[in-house]
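# Fold and contact review
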Amino acid sequence: MDNKAFDSQRIAEGYAKRPWLHKEVMKQIKKDCNIIQLKNGLDVGCGAGLSTKALKLLCSRVTGTDISSEMIIMCKKTYKDPSYTFYVSKAEETKIPIIPYEIITAAGVVNWVDKDLFLNNAEKILDNNGLIVEAGWAFKFKA
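Residues numbered from 1 in each chain as written. Predicted model: local features only at pLDDT ≥ 70, side-chain atom pairs only at ≥ 80, totals over all residues. Heavy atoms only, no water.

### Brief notes about the overall build of the chain
Inclusion rule: Segments assigned H or I by DSSP are reported as helices when at least four residues long, segments assigned E as strands when at least two residues long, and all are numbered from the N terminus. Each residue gets one of three labels from its accessible area relative to the maximum for its type: buried under 20%, exposed over 50%, partly exposed in between, using a 1.4 Å probe on protein chains only. The contact criterion used throughout is that any non-hydrogen atoms of two residues lie within 4.5 Å.
Broken down by element type, the chain carries five helices and six strands. Secondary structure elements in the chain, listed N-terminal to C-terminal, are α-α-β-α-β-α-β-β-α-β-β. For the chain, the residues scored as buried account for 41% of the 143 residues in total. Counted over contacts in the chain with a minimum sequence separation of 6, partners at least 24 positions apart contribute 54%.

### Focus: unusual backbone geometry
Positive phi, normally seen in glycine, also occurs at N34, with a value near 55°. Tracing the backbone shows N34 in the loop between α2 (22–32) and β1 (38–44). The exposure class of N34 is exposed, given its relative accessible area of 67%.

### Observations concerning the packing of aromatic side chains
Under the convention used in this document: A pair of Phe, Tyr and Trp rings is counted when the ring centres sit within 6.5 Å of each other, with Trp represented by its six-membered ring. The angle between the planes then sorts it: under 30 degrees is stacked, over 60 is edge-to-face, the rest tilted. We call a charge positioned over a ring when the NZ of a Lys or the CZ of an Arg lies within 6 Å of the ring centre and within 35 degrees of the ring normal.
In the structure shown here, the tally under the stated rule is three aromatic pairs. On the basis of an interplanar angle of 5° and a centroid distance of 6.1 Å, the ring pair of Y84 and F86 is categorised as stacked. Assessed through its relative accessible area of 15%, Y84 is described here as buried. Pairwise contacts between aromatic rings join Y79, Y84 and F86 into one cluster. For K95, the ring lying beneath its charged end belongs to Y87, and the centroid distance is 4.3 Å.

### Quick notes on the side chain of T94
Note the threshold: Counted as a polar contact is a pair of N or O atoms within 3.5 Å, where, for protein atoms, one must be capable of donating a hydrogen and the other of accepting one, and residues adjacent in sequence contribute only when both atoms are in side chains.
Positionally, T94 belongs in the loop between β3 (84–88) and β4 (101–106). Within the local environment of T94, its side chain forms a polar contact with the backbone oxygen of A91, the two atoms lying 3.4 Å apart. Those residues in contact with T94 that sit more than four places away from it in its chain are L42, V44, T65, Y87, S89, N121 and I125.

Below is the structure:
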């Protein structure tokens, strides 16, 4: 692929302007999983942060990760509230947080990563009763 044709900044800006449908998804997750309020959530493959913004409806603190530095730059420009954290990372290599995540969202990510490595990493960073939600499936870890 011609690297000049793939304009990461333009794509990040376009993602930031997409319709915000994520709120309705979070409402349904909240209802289906009987969630009142969580402390710490992770959005893997956060793109321009729309899904991270939606996850904030369930969590006091949220972290968004993406392999694209341009997407993370867009997130940091858009979401300046200190309850948001963003950093560049592969889904399989997310840093271990000080406070384990209670929920991990990964909208459309699992098909693009090594699923076994992703789940092994999730087990290290997720609370014992944490929840992983991905488009099409949900998985709850048990202690």
